[in-house]
Structures are given as C-alpha cells and as structure tokens.
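Each chain, letter by letter, is given below.
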Amino acid sequence: MPTPPTFDDVRAAAERIRGHAHRTPVLTSRRVDEEVGARLYFKCENFQRMGAFKFRGAFNALSRLDADQGRAGVVAYSSGNHAQAVALAARILGIPSTIVMPYDAPEAKVAATIGYGASVVRYDRYTEDREEIGRTLAADGGLALVPPYDHADVMAGQGTATLELLEDVGELDALFVCLGGGGLLSGAALAARALSPSCRIVGVEPEAGDDGLRSLRSGSIVHIDTPVTIADGAQTQHLGVLPFEIIRRDVDDIVTASDAELVAAMRVFASTMKIVVEPTGCLAFAAVRRLRDELAGQRVGVVVSGGNIDLARFAALVGEA
Ligand SMILES: *Cc1c(COP(=O)(O)O)cnc(C)c1O
C-alpha cells in the first residue's frame, strides 16, 4: 500500500526542483483587497514553466525514477496541464514520454505537449477510461505511469507552491486552493499545516462536480460522472486515494464556484491585475470573492493554479457582457 507524503517530502521536492521550476511571484493588489475587504496573496502559478503548477509534481516524480526506468520512458493521462508538465519534465531529464489526452482537450495544450517532444494518444473522455488506456500502455511498453494526482511524489511536488508562498509572506488566516483530484490541495495542506498551523485550509471545486465536498462530508471517496464545466483542469470524477487521506485529515472545508463566478474572477484578474488565468485557475479566487463576508480583515492565500487557455477562448469568456 503506497503511503501519503509528509511535509519532509515537500521539503525534499523543493530541493529537487530548485533551478528547474520557477519560484513564481506572489502578487497583491490594493484594488482587489479593497473590493474583497481582506489582504490577499496570490501565488501565481500561471507564471510557472509550461503555465501551471503541474510542472512541480511531474519534475519531482520523474527525477526520482531509476536509470533503467528513465530509458524505458513514462506515460501519463491528462486533460492538459499534467500532460505538458510530464512532457517538459521528461524532455529536461532526457526521458521518452507518451501522453494520453482527450479529443476535446484545449488545442493549445495538445500542441504544447507535442511541442515538448511527447507522443500523444487521443481518447474520448465521455466514453473511454483513460486510466485503463494508460495502464495498458504502461504494461505493454514497460513505461512508468505518472498519475496526475494520486502519487506521493506528485503531491509532494505540488506542495512546494504553498511552501514558497508561506516562506514569502508568513502565516495566513486562510488558504484557498483549487481542487480536481486533490494533488495540489493535499500538497498545500502539508505545507500549510507545518508552516501556518492555525490557517484555515479550503479546497474549491467546480459547482458542477462537488464530489470533493461530498467525500469530505461522508468520509469516503464519492465518484461522479465527468462534470460539465469550463474548469477543464478540474473535470475529475473522484479524488485520489492518497490525496484524500491528507484532505480528510488536514483540510477544513471544501466549497464550490460556478462557471459564472469563474468568468467574473477571470475578468478581475485580466482587468485589474493584468494577468491571464485559465478557468480552473480562477476557482480559489472565485470562492474568496463569494465568501468575502467571512474573510473580512484576514490575511488570505489564493493559489492561482494555471494560465493555459486559447486566446480566442479567453477573449470569448472575458468579452461576454
Ligand atoms: C490539474 C489542475 C488543477 C487541479 O489539481 P488537482 O491536483 O488535480 O486537484 C487545478 N488547476 C489547474 C490549472 C490544473 O492544471
């Protein structure tokens, strides 16, 4: 039975990714603080290499493979950012990579993955099981499967974003983190529990897929159909087993944000803070805006998870009246 990572693993991951991942900036905005009525610290992983935090976990996991496995290569399945992360980390480390991606993945993400030198295999996300396709490729080709969230090295790597945030700004009253399969949230929880013990840790998932909230309440992992939402990075059907062990122990609450709230947050990011954030990357900020009354006067961390979105799609979303 694999065991979940600890805060020591997050620290070790931070050493491994040093010099390869960017230490992304923490942005603040007086105007946004005034609007929300709290002091917000945005950890901007939209500025991470390949455009999202997923590079952290992928690089940490791939750098732990032995030489034989590195020669054989790796396979990953992903709706986008994990694919690019594994492809880029593999190229940096000289490891061959194969990526399983849905037909309806954003074209910018598919093109970037191929551009990083990966072989791409497509599938239908509504009728086919990507985990099964990934497992078959792994078994047939001797490739190591790098899961997007249910993996201790991936989770520890994702935790380095919050580790850096807390190193930079000190303790927080609350931390908001978007939630798909739970790799980012579980890693964040490890860092926050260690460095800011009294911080309220909140996961944010799309309203169309509140399986995380129902899992936290019921105490066991709830499975749902693929949720229909613009937050394509959080269209997961269930939390990972290892992330859930940490989430149920360390996370205080899980809340949701609607697609309309994501678009509203995306507009504030673009117009006030001048940054491009993909819909999934807006989950945490959207929840903070909704919950502003209970956050009044607090120091709040907001993990901005990624910025990969086709420009035409970005324009269509922020341009809607
Ligand atoms: C993958 C991803 C998420 C969700 O992360 P999990 O570790 O699956 O919970 C959130 N935002 C972006 C931009 C992502 O790529």
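The structure presented is a predicted model; accordingly, all values stated were derived computationally and were not measured.

Reading guide: rules and limits
Residues numbered from 1 in each chain as written. Predicted model: local features only at pLDDT ≥ 70, side-chain atom pairs only at ≥ 80, totals over all residues. Heavy atoms only, no water. Pairing = 2+ DSSP bridges. Helix = DSSP H or I, 4+ residues; strand = E, 2+ residues; numbered from the N terminus. Contact = heavy atoms within 4.5 Å. Axes fitted to C-alpha atoms, helices over the stretch in contact; angles between N-to-C directions. Buried < 20%, exposed > 50% of the residue type's maximum accessible area, 1.4 Å probe, protein only. Phe/Tyr/Trp six-rings, centres within 6.5 Å; stacked < 30°, edge-to-face > 60°.

*Asks:* Tell me what's going on with the sheet that holds strand S5 (residues 119–123), and back it up with residues and numbers.
*Replies:* On the basis of which strands lie adjacent, the open sheet formed by four strands has the order S5-S4-S3-S6 and parallel pairing. The outermost strands of the open sheet, each flanked by one partner alone, are S5 and strand S6 (144–145). Bridge count between strand S4 (residues 97–102) and S5: five bridges; the pairing is parallel. What sits directly across from methionine 101, in S5, is arginine 122. Strand contacts of helix H7 (residues 130–141): strand S3 (74–77), S4, S5 and S6, with the helix running at about 175° to S3, the strand carrying the most contacts.

*Asks:* Residues and numbers for unusual backbone geometry, please.
*Replies:* Look at methionine 50: it is not a glycine, yet its phi comes out positive at around 60°. Assignment of secondary structure puts methionine 50 in the loop between strand S2 (39–44) and helix H3 (54–62). Positive phi is not limited to glycine here, since lysine 274 has a value of about 60°. Here lysine 274 falls in the exposed class, since its relative accessible area comes to 63%.

*Asks:* A description of the environment of arginine 289 should follow, citing residues and the corresponding values.
*Replies:* Locating arginine 289 in the fold gives a position in helix H13 (residues 283–290). Sequence separation between arginine 289 and alanine 231 is 58 residues, and the spatial gap between their C-alpha atoms is 17 Å. The residues contacting arginine 289, other than those within four sequence positions of it, are Glu35, Val36, Ala264, Ala265 and Val268.

*Asks:* I'd like a description of the packing of aromatic side chains, backed by residues and values.
*Replies:* Within a pair of aromatic rings, the relevant descriptors are the distance that separates the centres and the angle that separates the planes. This model, assessed by the stated rule, comprises four aromatic pairs. On the basis of an interplanar angle of 75° and a centroid distance of 5.6 Å, the ring pair of phenylalanine 42 and phenylalanine 269 is categorised as edge-to-face. With phenylalanine 42 in strand S2 and phenylalanine 269 in helix H12 (residues 259–271), the pair connects residues that are 227 residues apart, well separated along the chain. Taking relative accessible area as the criterion, phenylalanine 269 reaches 0% and is therefore assigned buried. Geometrically, the ring pair formed by phenylalanine 55 and phenylalanine 59 is tilted, given 5.6 Å between the ring centres and 40° between the ring planes. A residue pair is termed a helical-turn pair when its members lie 3 or 4 positions apart in one helix, as phenylalanine 55 and phenylalanine 59 do in helix H3 at four residues. For phenylalanine 55, a relative accessible area of 0% translates into the label buried. Of the residues examined, phenylalanine 59 reaches a relative accessible area of 2% and is grouped as buried. Linked through ring pairs, Phe42, Phe269 and Phe285 together constitute an aromatic cluster.

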